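Letter by letter, the chains look like this.
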Protein chains: 2
Amino acid sequence: MSVTIDLATMHQSAEAASRLMRVLANADRLMLLCQLTQHELCVSELEEMLDIRQPTLSQQLTVLREEGLVTTRREGKKIYYQIAPGPALAVMQVLYQQFCGAEA
Amino acid sequence: MSVTIDLATMHQSAEAASRLMRVLANADRLMLLCQLTQHELCVSELEEMLDIRQPTLSQQLTVLREEGLVTTRREGKKIYYQIAPGPALAVMQVLYQQFCGAEA
DNA sequence: CATATAATATATAAAAATATATAATGATTG
DNA sequence: CAATCATTATATATTTTTATATATTATATG
């Protein structure tokens, strides 16, 4: 039950956490994830909803994919994005509470 | 009870949230805040605990100060830092749970 | 008081990481 | 193969990080 944590361990955890924070440190990506917490959506739907240009959108989605925050599924020409389970989801919930009105 | 949120409003919230994420998107700053969630500490104590060079430390603390995540108190030559209440604290708690072992 | 020392902050500049626009490329379907 | 949906490449602008040097503030001492 020690309170002091080994520095190396703490550093590792901090690196991992800061990496997630870095992915979330962009309004476009936050909005994308926020939409995806509700239900899966394809790229063109996201583009229309959020008014982000298509290449930029695709680049941000690539970041989310590479960091494992979303998974994809192809259906014909469309690619559907879903949010993946993990720490990101927990953080998104807190952010929603804190910044988008906590409805009790 | 509408599910769709106004785009402009969402964008504003996302900007605010991403701004917080940006501040937390750095391992040094996360470790600093993590220490400060326990109790206030002065700069030299933080420097020793975390093994960060003094100017770097001071620069990171300035970021935290300017973003309102910490407050300070001078005592003689020393300046003590405390964490400020707000959304950052809520996020830090989730990060601790998720990345530093959730002890049930 | 003048000066030394300790604790912290700021300035500046160079390097690294991110973001974004435009243009080009890939995949799928009819 | 033309049209649609999406990704990648390239170039450029912007932001962040960090190191070195310097400044500030408070205390202590001769």
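Model, not experiment: these values are computed from the prediction.

About the cut-offs
Residues numbered from 1 in each chain as written. Chains lettered and ligands numbered in written order. Predicted model: local features only at pLDDT ≥ 70, side-chain atom pairs only at ≥ 80, totals over all residues. Heavy atoms only, no water. Contact = heavy atoms within 4.5 Å. Buried area = accessible area lost by both parts, 1.4 Å probe. Salt bridge = Lys/Arg side-chain N within 4 Å of Asp/Glu carboxyl O. Polar contact = N/O pair within 3.5 Å; in protein donor to acceptor, adjacent residues only side chain to side chain. Least-squares fit on C-alpha atoms with pLDDT ≥ 70 in both. Core = buried A, V, L, I, M, F, W, Y, C linked by side-chain atoms within 4.5 Å. Buried < 20%, exposed > 50% of the residue type's maximum accessible area, 1.4 Å probe, protein only. Near = heavy atom within 4 Å. Helix = DSSP H or I, 4+ residues; strand = E, 2+ residues; numbered from the N terminus.

Of the residues lining the interface, 33 residues belong to chain A; the matching set on chain B comes to 33 residues. Taking both sides of the interface into account, the surface hidden between chain A and chain B amounts to around 2,700 Å²; carbon and sulfur atoms contribute 80%. Per-residue buried area on chain A facing chain B is highest for Met-21, Met-31 and Phe-99 of chain A; these three make up 21% of the total on that side. Applying the counting rule to chain A against chain B returns 0 salt bridges. Our enumeration of links across chain A and chain B arrives at 2 residue pairs in polar contact (both at pLDDT 80 or more).

Before going further, it helps to examine the relation of the copies chain A and chain B. Mapping chain A onto chain B is achieved by rotating through 180° and translating by 0.0 Å along the same axis, at an RMSD of 0.1 Å. Such values leave the two copies arranged in the relation of a two-fold axis. Proximity to the rotation axis, assessed at the C-alpha, singles out Met-21 of chain A in chain A; its C-alpha lies 2.6 Å from the axis. A share of 97% of the interface residues of chain A reappears at the interface of chain B, consistent with the copies meeting face to face through the same patch.

Once that is clear, we can look at the nonpolar core. Counting residues in hydrophobic clusters, the biggest one holds 66 residues, and the most contacted among them are Met-21, Leu-24 and Val-91 of chain A together with Met-21, Leu-24 and Val-91 of chain B. For Leu-24 of chain A, the residues in contact, after removing those within four places along its chain, are Leu-30, Leu-33, Leu-69, Val-91 and Met-92 of chain A together with Ser-18 and Met-21 of chain B.

A few words now on the protein's contact with DNA strand C. Close to DNA strand C lie 24 residues, the nearest being Gln-59 of chain A together with Ser-44, Gln-54, Gln-59 and Tyr-81 of chain B. Considering DNA strand C, the proportion of its atoms within 4 Å of the protein that are sugar or phosphate atoms stands at 62%. Within the backbone of Ser-44 of chain B, an N or O atom sits 2.7 Å from a phosphate oxygen of DNA strand C. Here Gln-54 of chain B contributes a side-chain N or O atom positioned 2.9 Å from a base nitrogen of DNA strand C. Of all elements in the fold, only helix H4 (54–66) of chain A together with helix H3 (43–50), helix H4 (54–66) and strand E3 (78–83) of chain B reach the threshold of two or more residues within the surface near DNA strand C. At 6 residues, the largest contribution of residues to the surface near DNA strand C is made by H4 of chain B.

By themselves, these observations are geometric and do not establish any function.
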